[in-house]
Amino acid sequence: MMTRVLVVGGANGIGLSMAQILAQRPTTEKVYIVDKAPLADEYKNEKTESYEFDLTTGDYSIFDHFNDINGLIITAGFGRLALFKDVPEEMIDAYFNVNTIPVIKIVKHFYDKLLSSEHFYCGVMVSIAGFMSSPFFSLYGATKAALKVFIESVNVELEKAGSKNRILNVSPGSMKGTSFNQGKTDLSVTEPMAKEILSHIEAKDDLFIPQYEEIFKTVLERYHKDFREEGRHSYDYKLQSGRVNQQNK
């Protein structure tokens, strides 16, 4: 069980929800939160320590302060629905410098703990967009596809090295109650999902796709059968759902 946990991206959304649940556990000793945004006063307590840090700075020495942890959760990331032609060129770097490169560097920083015979728990928020083509999400999907393959590859290396520790790939679709789509975090909405994710991290699972049986099993089957047709279906679905227009108002 996680007792001293670092949550990168824990000041809002699903990261905040998991941090709050962990802080309420009697067995938790410390929850470190690292986020570009400050942690709101209402979420601070004696078990939490929060640090403001921009993942795009390139200086990751801040993570030297957390060598006492036995749990690492990375939820930082962003995405915005837009056609690739409408994405400014400078945003290409921004997507990878927030969603992908920091995750890999942070995992590298704590990799000795993953390789250790001691229990170490790790979970990364990826996305179902990393499993298939996702029009209007081309860059976001690319950053998450990179994480998907990275996690799968590293988990095999951990297994072959004799470690029981694994990195959990959490790949949901759209999540309600988070601030991902310029919304407002609602912990009452995110709490059930946060608890489920934590249970998978502590079970040392390597993949968790929420609503897999209900939705994404069929979607992924359609994608593997004909990725072009499924891409067209995804394009039309986003337009018809109104999500594109809502984000671009």
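Scroll up for the structure.
Sequence positions are assigned chain by chain, starting from 1 and proceeding in written order. Two thresholds apply to this predicted model, a pLDDT of at least 70 for residue-level local features and 80 or more for giving and counting side-chain atom pairs, whereas whole-chain, interface and lining totals are computed over all residues. For the side-chain quantities, the full set of heavy atoms in the structure was used; hydrogens and water were omitted.

1. Quick notes on helix α5 (residues 138-160)
Spelled out, the test is: Only DSSP runs of H or I with at least four residues qualify as helices, and only runs of E with at least two residues qualify as strands; both kinds are numbered from the N terminus onward. Expected span of a helix: the number of residues minus one, times 1.5 Å. Using a 1.4 Å probe on the protein chains alone, a residue whose accessible area is under 20% of its type maximum counts as buried, one over 50% counts as exposed, and one in between counts as partly exposed. By the convention used here, residues are in contact when the closest approach between their heavy atoms is within 4.5 Å.
Between its terminal C-alpha atoms α5 stretches 33 Å, which fits the 33 Å expected from 23 residues at 1.5 Å a residue. Along α5, the positions that sit buried rather than exposed are L139, Y140, G141, T143, K144, L147, K148, I151, V154, N155 and L158. Taken together, the buried residues of α5 touch α2 (90-99), α3 (101-109), α4 (111-115), β5 (121-125) and β6 (167-170). Note on α5: the residue one or two positions beyond its end, G162, has a positive phi of about 90°.

2. Digging into the side chain of R166
Note the following rule: Residues scored as charged are limited to Lys and Arg (positive) and Asp and Glu (negative), so that His and the chain ends carry no count. A pair is scored as a salt bridge if a Lys or Arg side-chain nitrogen falls within 4 Å of a carboxyl oxygen belonging to Asp or Glu. Under the rule applied, a polar contact is a pair of N or O atoms within 3.5 Å (in protein, one hydrogen donor and one hydrogen acceptor; residues adjacent in sequence only if both atoms are side-chain atoms).
Its place among the elements puts R166 in the loop between α5 and β6. Although R166 is buried, it makes no salt bridge; E159 carries the closest opposite charge, 4.4 Å away. At a separation of 2.7 Å, a polar atom in the side chain of R166 contacts the main-chain carbonyl oxygen of S163. Excluding residues within four positions of it along the chain, R166 makes contact with L114, C122, N155, L158, E159, K204 and D205.

3. What about unusual backbone geometry?
Within the chain, K204 stands out as a residue other than glycine whose phi angle is a positive 60°. Residue class for K204 comes out buried when judged on its relative accessible area of 15%. One non-glycine residue, Q211, adopts positive backbone phi at about 60°. Structurally, Q211 can be placed in the loop between β7 (207-208) and α7 (212-225).

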